Amino acid sequence: MWDHEIRAMASTHAIIAASVFMATVLPAALVRGFSVYGTHLLWLYSVSGAVTAVSVAVFWLLGVSPPTKKHTLGYKLSRLFRSCLYFFLSCLFFHAVVVLYGAPLIEAALETFSLAVLLTSLTTLRCLCVLGPNVQAWIRVFSRHGAMSVWDTCLQITVACTLVGAWVGAFPIPLDWDRPWQVWPVSCSLGATIGFLTGLVAAPAWIHYHRKQLTYKCK
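Residues numbered from 1 in each chain as written. Predicted model: local features only at pLDDT ≥ 70, side-chain atom pairs only at ≥ 80, totals over all residues. Heavy atoms only, no water.

1. What to know about the overall build of the protein
The criterion, for reference: Helix and strand definitions here come from DSSP, where helices need a minimum of 4 consecutive H or I residues and strands a minimum of 2 consecutive E residues; each element is numbered from the N-terminal end. Only the C-alpha atoms count toward the radius of gyration. The rule for a globule is 2.2 Å times the residue count to the power 0.38. Only protein chains enter the accessibility calculation, which uses a 1.4 Å probe. A residue is then buried if its area is under 20% of the maximum for its type, exposed if over 50%, and partly exposed in between. Contacts are residue-level and defined by heavy atoms, with any inter-residue pair within 4.5 Å sufficient. With residues, only the protein chains shown are counted as cover, and all accessible areas are computed by Shrake-Rupley using a 1.4 Å probe. A positive count includes Lys and Arg, and a negative count includes Asp and Glu. His and the chain ends are not counted in either. The atom standing in for a charge is NZ when the residue is Lys, CZ when it is Arg, CG when it is Asp and CD when it is Glu.
Each helix and strand counted, the protein has eight helices and zero strands in total. Put simply, the protein runs from its N terminus to its C terminus through helices and strands in the order α-α-α-α-α-α-α-α. The C-alpha radius of gyration computed for the protein amounts to 18 Å, which stays within 12% of the reference 17 Å derived for 219 residues, consistent with globular compactness. Its C-alpha atoms put the protein at 55 × 40 × 35 Å along the principal axes. Within the protein, the fraction of its 219 residues that count as buried is 42%. Of all intrachain contacts in the protein linking residues separated by at least 6 positions in sequence, the fraction that spans at least 24 positions is 71%. Here the protein has roughly 12,400 Å² of accessible surface; of this, 70% comes from carbon and sulfur atoms. Taken as two groups, the 15 positive and 7 negative side-chain charges of the protein have centres that lie 19 Å from each other.

2. What to know about the packing of helix α7 (residues 150-169) against helix α8 (residues 186-209)
Rules: All axes are obtained by fitting lines to C-alpha atoms, using only the stretch in contact for helices, and the reported angles, taken between N-to-C directions, cover 0 to 180 degrees. Note that the term roughly parallel is reserved for angles under 35 degrees, roughly antiparallel for angles over 145, roughly perpendicular for angles of 65 to 115, and oblique for everything else. Two helices cross in a left-handed way if the nearer one is turned anticlockwise from the farther one by less than a right angle. They cross in a right-handed way if the turn is clockwise. For this scheme, ten residues count as nonpolar: Ala, Val, Leu, Ile, Met, Phe, Trp, Tyr, Cys and Pro. Four count as charged, namely Asp, Glu, Lys and Arg, and the remainder, Gly too, count as polar.
Contact pair α7 / α8: the axes reach a minimum separation of 7 Å and the direction vectors enclose 150°. The pairing of α7 with α8 is recorded here as roughly antiparallel in orientation. Judged by the sense of rotation from one axis to the other, the crossing of α7 with α8 is right-handed. Taken together, the residues of α8 that come into contact with α7 (itself represented by Val150, Thr153, Cys154, Ile157, Thr158, Cys161, Thr162, Gly165, Ala166 and Gly169) are Ser187, Cys188, Gly191, Ala192, Gly195, Phe196, Gly199, Leu200, Ala202, Ala203, Trp206 and Ile207. Broken down by class, the residue content of the contact of α7 with α8 amounts to 13 nonpolar, nine polar and no charged.

Written as structure tokens, this is what we have:
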């Protein structure tokens, strides 16, 4: 029943995962001294930018976002402005949450905000692409039994995997191992990225395996 959507989802996720790979490989070939550890912020923004650009392009081409009732230029500009505003507010939200969980408040403010940008690119951006700048729809999707489509279920899985990955990535930081990936926020951003990639694989696989049991309410 959901074979077409699952194939489209798997293809979309493969393209997005490839963008993460290219965002890691291309700078290493073009920028002298580039490395995930040594120039971590450059890698972090490279991945954030690549995922953002590719996700917006792919989801726009697929037409996953719910159709708008208005097609005027003013409405489209308003929708774009609200999306950018929500993206920025999400960065501030993740920054505050990470600080509350123990990240340096002043000493590494740039690193902390950069991690917030990455988390926003991997989570909030997908909400904007799939659901649009509609906070009520976001609340509905992440509530119990709130999914109304396979894309909503995919959104739940990928966001959860990303956040869990970032959380697990924080565990090695206080350990006295003196490894380069223990420098803030390397392990958290790597954990978030690995969790995100895991979610890209797990979401279509889980939906395919449970496709006969999936039932969605009408929108």
